[in-house]
Amino acid sequence: MILIAAVDRNWAIGNKDSLLVSIPEDQKRFRQITTGHTVVLGRKTLAGFPNGLPLKNRTNIILSANPEFSVNGDNAIIVRSEQELFDTLSELDSDDIYIIGGGTLYKMMEPYCDTAIITYLDYSYEADTYFPNLDEMDNWEMVEESEEQTYFSLEYYYRTYRNKSPKKLK
């Protein structure tokens, strides 16, 4: 399984249920990487999408413990617990699964992922939601970093991390 996120210098990913910044080139890259695959997300992350709808051309697995929560679209599967999520994911090809947020889901799934595709924003934003800091974790190592990218005055990098010892789903 693969984590994919944009993080700032402090590994922040969001503030007040919104992304820190929207970079058109990074959004295009996200679409190219995840289209045709399975994406796993939480209810709040889904709410931040245009019209709160699942992403097109992907199977969306949405974690929500709220029994009243529902979503339109035949490309969406709602799971109600961590165990139901693990059961659902264990039936899929793990190389086809992208964990796309939010913070709670990233923390839950990080130990089970073997790769992380990170857009590293060289800036510190005001934030209330964070991604696990892979640079401080012994089992993760950065294996690739792009040349510097820029969006107006913001510098950012595409980084790939590998987990040396991912756990198996329960």
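The model shown is predicted, which means the values in this text are computed figures rather than measured ones.

Draft legend 1. Focus on helix 3 (residues 82-89). By the burial criterion, the buried members of helix 3 are Leu85, Phe86, Thr88 and Leu89. In an axial view of helix 3, the angular spread of the buried residues amounts to 160°, which keeps them on one side of the axis. Buried residues in helix 3 make contact with strand 4 (38-42), strand 5 (59-63), strand 6 (76-79), strand 7 (97-101) and helix 4 (103-109).

Draft legend 2. A look at the environment of Thr34. Inspection of the secondary structure assignment puts Thr34 in helix 1 (residues 24-34). Residue classification places Thr34 among the buried residues on the basis of a relative accessible area of 0%. Taking the C-alpha atoms as reference points, Thr34 and Tyr112, separated by 78 residues in sequence, lie 18 Å from one another. With near-sequence residues (within four places) excluded, Thr34 lies in contact with Ile4, Val39, Arg58 and Tyr98. A polar atom in the side chain of Thr34 sits 2.8 Å from the side chain of Arg58.

Draft legend 3. Region of the structure containing the pattern of salt bridges. Scanning the model with the defined rule gives four salt bridges in all. With a shortest N-O distance of 2.8 Å, Arg9 and Asp122 are connected by a salt bridge. A residue pair is termed long-range when its members are at least 10 positions apart, and Arg9 in the loop between strand 1 (2-7) and strand 2 (12-15) and Asp122 in the loop between strand 8 (115-121) and strand 9 (129-130) qualify at 113 residues. A salt bridge links Glu126 to Lys16, with the nearest nitrogen and oxygen atoms 3.7 Å apart.

Draft legend 4. Representation of the packing of aromatic side chains in the model. With the rule as written, the count across this model stands at seven aromatic pairs. Measuring from centroid to centroid gives 5.9 Å for Trp11 and Tyr161, while their planes differ by 70°, and the two rings are edge-to-face. In this pair, Trp11 is assigned in the loop between strand 1 and strand 2 and Tyr161 in strand 12 (residues 154-163), connecting sequence segments 150 residues apart. Residue classification places Trp11 among the buried residues on the basis of a relative accessible area of 2%. With relative accessibility at 1%, the residue Tyr161 sits in the buried group. Seen from their ring centres, Phe86 and Tyr112 are 5.0 Å apart, and the 65° between their planes marks the pair as edge-to-face. A residue pair is termed long-range when its members are at least 10 positions apart, and Phe86 in helix 3 and Tyr112 in the loop between helix 4 and strand 8 qualify at 26 residues. Of the two residues, Phe86 and Tyr112, both sit in the buried class. Through successive ring pairs, a cluster of aromatic residues spans Trp11, Tyr106, Phe131 and Tyr161. Of note, Arg29 hangs over the ring of Tyr158, and the distance from its end group to the ring centre comes to 3.8 Å.

The rules behind these values
- Residues numbered from 1 in each chain as written.
- Predicted model: local features only at pLDDT ≥ 70, side-chain atom pairs only at ≥ 80, totals over all residues.
- Heavy atoms only, no water.
- Buried < 20%, exposed > 50% of the residue type's maximum accessible area, 1.4 Å probe, protein only.
- Helix = DSSP H or I, 4+ residues; strand = E, 2+ residues; numbered from the N terminus.
- Arc of directions from axis to C-beta.
- Contact = heavy atoms within 4.5 Å.
- Polar contact = N/O pair within 3.5 Å; in protein donor to acceptor, adjacent residues only side chain to side chain.
- Salt bridge = Lys/Arg side-chain N within 4 Å of Asp/Glu carboxyl O.
- Phe/Tyr/Trp six-rings, centres within 6.5 Å; stacked < 30°, edge-to-face > 60°.
- Lys NZ or Arg CZ within 6 Å of the ring centre and 35° of its normal.

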